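Take a look at the letters that make up each chain.
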Amino acid sequence: MDIVKVIVAGPRGRMGAEAVHLVHNEDHFELAGVLDRKHEGLSLSEIKGFQGIDVPIFTDIEECFRTTQADVLVDLTTPDVGYFHTKTALEFGVRPVVGTTGFSKEQLNELKELAEEKGIGCIIAPNFAIGAVLMMKFSQMAAKYFQDVEILEMHHDQKLDAPSGTAVKTAEMISKSREPKKQGHPKEKETIEGARGAEMDGMHIHSIRLPGLVAHQQVLFGADGQTLTIRHDSYNRQSFMSGVKVCVETVIKLDTLVYGLENILE
Ligand SMILES: NC(=O)C1=CN([C@@H]2O[C@H](COP(=O)(O)OP(=O)(O)OC[C@H]3O[C@@H](n4cnc5c(N)ncnc54)[C@H](O)[C@@H]3O)[C@@H](O)[C@H]2O)C=CC1
Ligand SMILES: O=C(O)C1=N[C@H](C(=O)O)C[C@H](O)C1
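- Looking up the protein in an unreviewed UniProt entry gives the name 4-hydroxy-tetrahydrodipicolinate reductase, with the organism given as Falsibacillus albus.
- Reading the Sequence similarities (unreviewed entry) entry of the UniProt record for the protein gives the comment "Belongs to the DapB family."

Printed below as a string of structure tokens:
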């Protein structure tokens, strides 16, 4: 396999820092640079936690792509920035692997069109953890038999978007195998707004934010006399890295946008 030249956006973040070390330590990847909000012109090795990783820090994405001739951008930033980075990468012929969550349906459609127009790969994966992908797939299977479902996602309290990208993707996958149903009592009424959570296709999604948590989700199904709970827990960000690696290896072989790791796993 040829060496894949990778840029990581958001290198000082919780996920970005892990991704920097992953790319730096893989023989068939080369960390060509990082995209940060600050430290333009410094070497990453001058930043605490990155000793020995001597690659340039860019704050201007266009300059970054022109200078490095990168193959892949791994984006782990914030919803607005991630969307801008992904769009710019596609315009420059750089293949995006996007872990950043919080994109709208319209943004996803627009990026898909752009990837196809350019004829290059793009992977947007709301969750890189294999266990989370299985949780979503098992939930999709279960929803064929259980039409009543509530999604409970629990994250650290620094998370910007709610519901989580994983919860939205889970609901979308469940919708593919579940008969449409408005859940709860027909006359149900919230006495405090938001008590029943967000609603997607009749399913309710509840978002919990607490210090101490990393990333956790329960999908609860109910039927007469029984419940089924499918749960996944990420206890650290290392849990996401094997998925990032597979996505970087795969995106260079694609010519369209793939939304969800489940679509590339064998
Ligand atoms: N797909 C997955 O498996 C996972 C996705 N995520 C998502 O990844 C994203 C990042 O999450 P965390 O690392 O926890 O957040 P974080 O807040 O720790 O890191 C975000 C980083 O983005 C940087 N940033 C902001 N604007 C920037 C800009 N213009 N250019 C370059 N960098 C910029 C910030 O400085 C910060 O270091 C979130 O959207 C989160 O939902 C998080 C965990 C797993
Ligand atoms: O912000 C996080 O931490 C996470 N974000 C992703 C999401 O929104 O689903 C993936 C994982 O849950 C961790």
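After presenting the structure, the write-up continues.
1. Side note on the environment of E262
Part 1: Locating E262 in the fold gives a position in the segment after β12 (257–259).
Part 2: Accessibility expressed as a relative area gives 12% for E262, which makes it buried.
Part 3: For the pair E262 and G243, spaced 19 residues apart in sequence, the C-alpha to C-alpha distance is 10 Å.

2. Section: the domain arrangement of the protein
Part 1: Partitioning the protein into domains gives domain 1 (4–124 + 238–263) and domain 2 (130–234).
Part 2: Placing a centre on the C-alpha atoms of domain 1 and another on those of domain 2 gives a separation of 29 Å.
Part 3: Facing the 13 residues of domain 1 at the interface are 13 residues of domain 2.
Part 4: Buried surface at the junction of domain 1 and domain 2, both sides included, amounts to about 1,000 Å², of which 60% is carbon and sulfur.
Part 5: Broken down residue by residue, the surface that domain 1 buries against domain 2 is led by R14, Y259 and E262, which jointly contribute 47%.
Part 6: K169 is paired through a salt bridge with E262; the nearest N and O atoms lie 2.5 Å apart.
Part 7: Viewed at the interface, domain 2 and domain 1 are joined by six residue pairs in polar contact (both at pLDDT 80 or more).
Part 8: Residues belonging to the side of domain 1 that touches domain 2 are distributed by class as follows: four nonpolar, six polar and three charged.

Scoring rules and cut-offs
- Residues numbered from 1 in each chain as written.
- Chains lettered and ligands numbered in written order.
- Predicted model: local features only at pLDDT ≥ 70, side-chain atom pairs only at ≥ 80, totals over all residues.
- Heavy atoms only, no water.
- UniProt positions renumbered as here; feature names shortened; annotations may be inferred.
- Helix = DSSP H or I, 4+ residues; strand = E, 2+ residues; numbered from the N terminus.
- Buried < 20%, exposed > 50% of the residue type's maximum accessible area, 1.4 Å probe, protein only.
- Domains from an automatic or database assignment.
- Contact = heavy atoms within 4.5 Å.
- Buried area = accessible area lost by both parts, 1.4 Å probe.
- Salt bridge = Lys/Arg side-chain N within 4 Å of Asp/Glu carboxyl O.
- Polar contact = N/O pair within 3.5 Å; in protein donor to acceptor, adjacent residues only side chain to side chain.
- Nonpolar A, V, L, I, M, F, W, Y, C, P; charged D, E, K, R; others polar.

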